[in-house]
Amino acid sequence: MYRAAFRNVWAHKGRLPMTMLAVLLGTAFVAGTLIFSDSIEQSLQNSMSGSHSRVSVQVTDTAADPSSGAADDSGARSPLTESTVRRIAALTATRSVRGTVTGFAGLSDPRGNLIGSLGNTQGANWVPSGNSGDPEFPIAQGAGPTAAGMIAIDRRTASDNNFKIGDTVRVAVNGPVLRMTVTGIFSTDDPHVRAGGSLVLFDTATAQRLYLRTGRYDSIQVVATPGTSQDELRSEVLKVVPDSSNITVRTGTQLDADLSAQSRGNMSGIRNVLLAFAGVALFVGVFLISNTFTMLVAHRTRELALLRAVGASRRQITNAVLLEGLVVGVSASVAGLVVGIGIGAALQAFMGSMGSQISTSTLVVSPPTVLVTLLAGLTVTVLAALLPGLRASRVAPLAAMRDDDSPATRKSLAVRNSIGGALSGLGLALVLWGAEHRGSVGNVLVAAGAASTLIGVFVLTPALSRPAIALIGPLYTRLFGISGTLARQNAVRNPRRTAATASALTVGITLISALTAIGASFTHAIDEQVTQNMEADYAVSALLSLPIAPALLPAIARTPGVVAYSALDDQHLRTDGQELAVTGVDPTSLDQLLVPKMVSGSSAPLRQGQVLVDEDHAANHHWSVGNTVPVTYPDGTSSRLTVGGVYRNSAALSSVLMSESVLSPHTTTPFYSAVLVKGVTGATVRLQQALKDSTGDNPLINVRTKNQMREHFSRQINLMLYAMDALLAMAVIIATLGVVNTLAMSILERKREIGMLRAVGLPRHAVKRMVRLESVLIASFGAALGVAVGSFLAWACVRLLSRAMTGLTTVYPLGRFAAYIAGAALVGLLAALWPARQAAQLNVLDSIKAD
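The following paragraphs examine the structure supplied in this document. (Residues numbered from 1 in each chain as written. Predicted model: local features only at pLDDT ≥ 70, side-chain atom pairs only at ≥ 80, totals over all residues. Heavy atoms only, no water.)

The next thing to look at is the overall build of the chain. In terms of helices and strands, the chain carries 25 helices and 22 strands. Within the chain, residue pairs in contact and separated by at least 24 positions form 81% of the contacts whose partners lie at least 6 positions apart. Surface summary for the chain: the accessible area is close to 37,400 Å², and the carbon and sulfur share equals 60%. In the chain, which carries 69 positive and 53 negative side-chain charges, the distance between the mean positions of the two groups comes to 16 Å. (Helix = DSSP H or I, 4+ residues; strand = E, 2+ residues; numbered from the N terminus. Contact = heavy atoms within 4.5 Å. Areas by Shrake-Rupley, 256 points an atom, 1.4 Å probe, with all protein chains shown as cover. Lys, Arg positive; Asp, Glu negative; His and termini not counted. Charge placed at Lys NZ, Arg CZ, Asp CG, Glu CD.)

Below, the structure is given as structure tokens:
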């Protein structure tokens, strides 16, 4: 039986290339993802290894550390001060100590363009040790910065941009652009620079003024005396650092381990997303593989029956088919691994061409990658061949006496339809039930219902194909005559085959349609909120979530054409043991800039020092107009605030609005997330340019109109959707291969039928048209079903997310849905070109006598 299985694979090798190509593409996607992510992770590990070799212990304020992900306005009041540095320096276990300040710095090249991508250039302070300079950043040329207006640049950045000692460079943070003189060029093994970033150094006073406050640090690095272990020094340091939940004290070994874990975590997220899309591609391949083996089994009915007649058991027949699948899986998976290695190398080369420094390490092809790739291909192929193998085992020995190429029995389709109907009905019931519940229970019900409905629809596809194709049948006949009639009849002749071919395309279109509808829903919700709540003509904000420097406010106010403005001061209060996001605004100009949709009360009480609260927080805390609320301000003082109004939730507004004149005396530093501006004559190009000029032409500061803000949010959502659509393109490609493969094999099955049609006068061009129309019909049905299922999936997802975002409702972009169906029809037409040509070239006499 095993020899027969191998001979069958060789005998039908012409019918398996598409199947092998589908497995190859899926496994290549998996292998390329794993190889690329492992290589980048190894490169990052290499760049970060030993990064803290000269640090025994580091004290960090996580509220001020930009790399911690927790940086906020409290960083300016960091408890790490000169006093902290002196106390640590006085310890007997301390050999040396340095206070550090870091943050983002927008460095411009000689042509005025920002160097690197946003967030790619870091600024830090130069800490000289006596006359020997800063041991952390040895000066290669010139001298370190010792006063305001001086700057040092890392050697690679200086070389790439031809910076020389004495050059004047432009540096931007969150205020007016600074013009500074290059006094030094230094070398460094800083992991950020080794990973491809840039680093500039200021004197300590300038760095503190730009990033924190005079006398403050975001971290303190300590070196132990000889003979003192890192753990011993850490224990001593813990006794003298401020007692704060934001303060961490870690050894150099812990810092290296944390950096390594962070890089692994970052790559893990990217890897998981890519593998998820690779899984979709492999899942689509299951339909192609299963369809191929089903058609092979149907074509070999007599052969299998003869084997049963001469003594082969059902298990042997099933094992023979599975062995054929195993041979295909092994061959395709090995080829996919080789192609995946090429994909990984190509991605590394692409990153290198884009200027990245982290892609230069050796390509990593680990044993787990090889094992996972081979197992993925083998598992998918063998599982897809299992059902055809079981069907093959049920071929009766008497079938050797007749030509049994009949489609599935009514009984088998009835069982399948019953299962599909039950799953779909259960799913719809769960979704509707979950829609009436709030919280995690409702979310679980909706998610489970959506999954059950999707599976049910796929099971029901054969039953759905008949009425769906019947609807378009008369149109096909009217437009294309006998070719259209034959195409429709061929499409409904074997519902299982039509369903399997269409389902492969349905999976990809389902996901693409769902993502499109979800993106359109978010875009619509954001557009509505910006339109409804914002009356300002412009919003001035900084990139990378940096705050607007207070020094810019007077310049904005003096800009000709500005009639009203207000900075948005984002802070956090505490009430009932919980943090509460609050925004300080100018109540005298609020009505011209922001219009909260009031549920109760009005915005007028802001001028009397009262607060406005969104309806979610009002409901959660049982607040209503007139209630007084105990709060603790950022500076630690306590007070009671009166609720003057409740407004509808909006992503454009924080939880609480209050007068900046009431808030600012109780904050240590303002955090202006944006400045809203109203023009005398509305939004004009002249006023927009004047506002840009008033900010010092800082490339990090944006001045956007309402339309530009909407376009900005829409662009971000669309970029994410385009990236996902690109990843799903592999699934669509595999689905297209499935259409080609199914049509090509069905031509061989219907060889005698096509010969008879040619014998009774059907011309070659009509045969071609028949095959092409059948392909277009199947592809269009699969796409239409995918759009319908994707729309339902989008509704379920939006329903889950609607509680987290006010005003989020499902929006169906019908124009794009129609384009997807039209695109699928075109794909079907292209996929049928080769099979149609093969059908038209069949010899009439050979086809009629074909067995």
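Turning our attention to the nonpolar core. Counting residues in hydrophobic clusters, the biggest one holds 81 residues, and the most contacted among them are Val284, Phe293, Leu505, Met534, Leu676 and Ile734. Broken down by element, this core gets its largest block of residues, 13 residues, from helix α8 (residues 252-299). Counting residues in each nonpolar core, the second largest holds 37 residues, with Met180, Ala207, Val241 and Ile247 among its members. (Core = buried A, V, L, I, M, F, W, Y, C linked by side-chain atoms within 4.5 Å. Buried < 20%, exposed > 50% of the residue type's maximum accessible area, 1.4 Å probe, protein only.)

Our next topic: the packing of aromatic side chains. This model, assessed by the stated rule, comprises 5 aromatic pairs. Ring centres of phenylalanine 137 and phenylalanine 186 lie 5.5 Å apart, and the angle between their planes is 70 degrees; on these two criteria the pair is classed as edge-to-face. One end of the pair, phenylalanine 137, is in the loop between β5 (121-126) and β6 (139-142); the other, phenylalanine 186, is in strand β9 (residues 178-186), with 49 residues separating them in the sequence. Given the relative accessible area of 6%, phenylalanine 137 is considered buried. For phenylalanine 186, a relative accessible area of 0% corresponds to the buried category. (Phe/Tyr/Trp six-rings, centres within 6.5 Å; stacked < 30°, edge-to-face > 60°.)

Turning our attention to the environment of leucine 727. Relative to the elements of secondary structure, leucine 727 occurs in helix α20 (residues 706-749). On the basis of relative accessible area, leucine 727 is assigned to the partly exposed category, the value being 22%. Separated by 454 residues in the primary sequence, leucine 727 and valine 273 place their C-alpha atoms 9.8 Å from one another.

Once that is clear, we can look at helix α3 (residues 82-89). By the burial criterion, the buried members of α3 are Thr84, Val85 and Ile88. Each buried residue of α3 lies within a common arc of 100 degrees when the element is viewed along its axis, so the set occupies one face. Looking at the buried side of α3, the elements it contacts are β1 (57-61), β2 (94-100), β11 (219-224) and α7 (230-238). (Arc of directions from axis to C-beta.)

Our next topic: the side chain of aspartate 614. Secondary-structure assignment places aspartate 614 in strand β17 (residues 611-614). This buried residue, aspartate 614, is left without a salt bridge; arginine 648 holds the nearest opposite charge, at 11 Å. (Salt bridge = Lys/Arg side-chain N within 4 Å of Asp/Glu carboxyl O.)

Across the sheet, 4 strands lie side by side as β2-β11-β1-β12; this open sheet has antiparallel pairing. The two strands at the open ends of the sheet, each matched to only one other strand, are β2 and β12 (247-251). The mean inter-strand angle of the sheet, taken between neighbouring strand axes irrespective of direction, is 15 degrees. Judged from the 4 bridges that link them, β1 and β11 form a sheet pairing that is antiparallel. What sits directly across from threonine 60, in β11, is serine 219. Seen against the sheet, α3 touches β1, β2 and β11 and runs at an angle of roughly 165 degrees to β2. Across the sheet, α7 touches β1, β2, β11 and β12, and the angle it forms with β12 is around 160 degrees. (Pairing = 2+ DSSP bridges. Axes fitted to C-alpha atoms, helices over the stretch in contact; angles between N-to-C directions.)

Attention now moves to the environment of proline 467. Inspection of the secondary structure assignment puts proline 467 in helix α13 (residues 439-493). On the accessibility criterion, proline 467 (44% relative accessible area) is partly exposed. As a C-alpha pair, proline 467 and valine 492 span 25 residues in sequence and 9.3 Å in three-dimensional space.

Let us look at the pairing of strand β8 (residues 168-172). Buried residues dominate β8, accounting for 4 of its 5 residues. Where strand β4 (residues 106-107) and β8 come together, 2 bridges link them in antiparallel fashion. Counterpart to leucine 107 in the pairing with β8 is valine 171. Where β8 and β9 come together, 4 bridges link them in antiparallel fashion.

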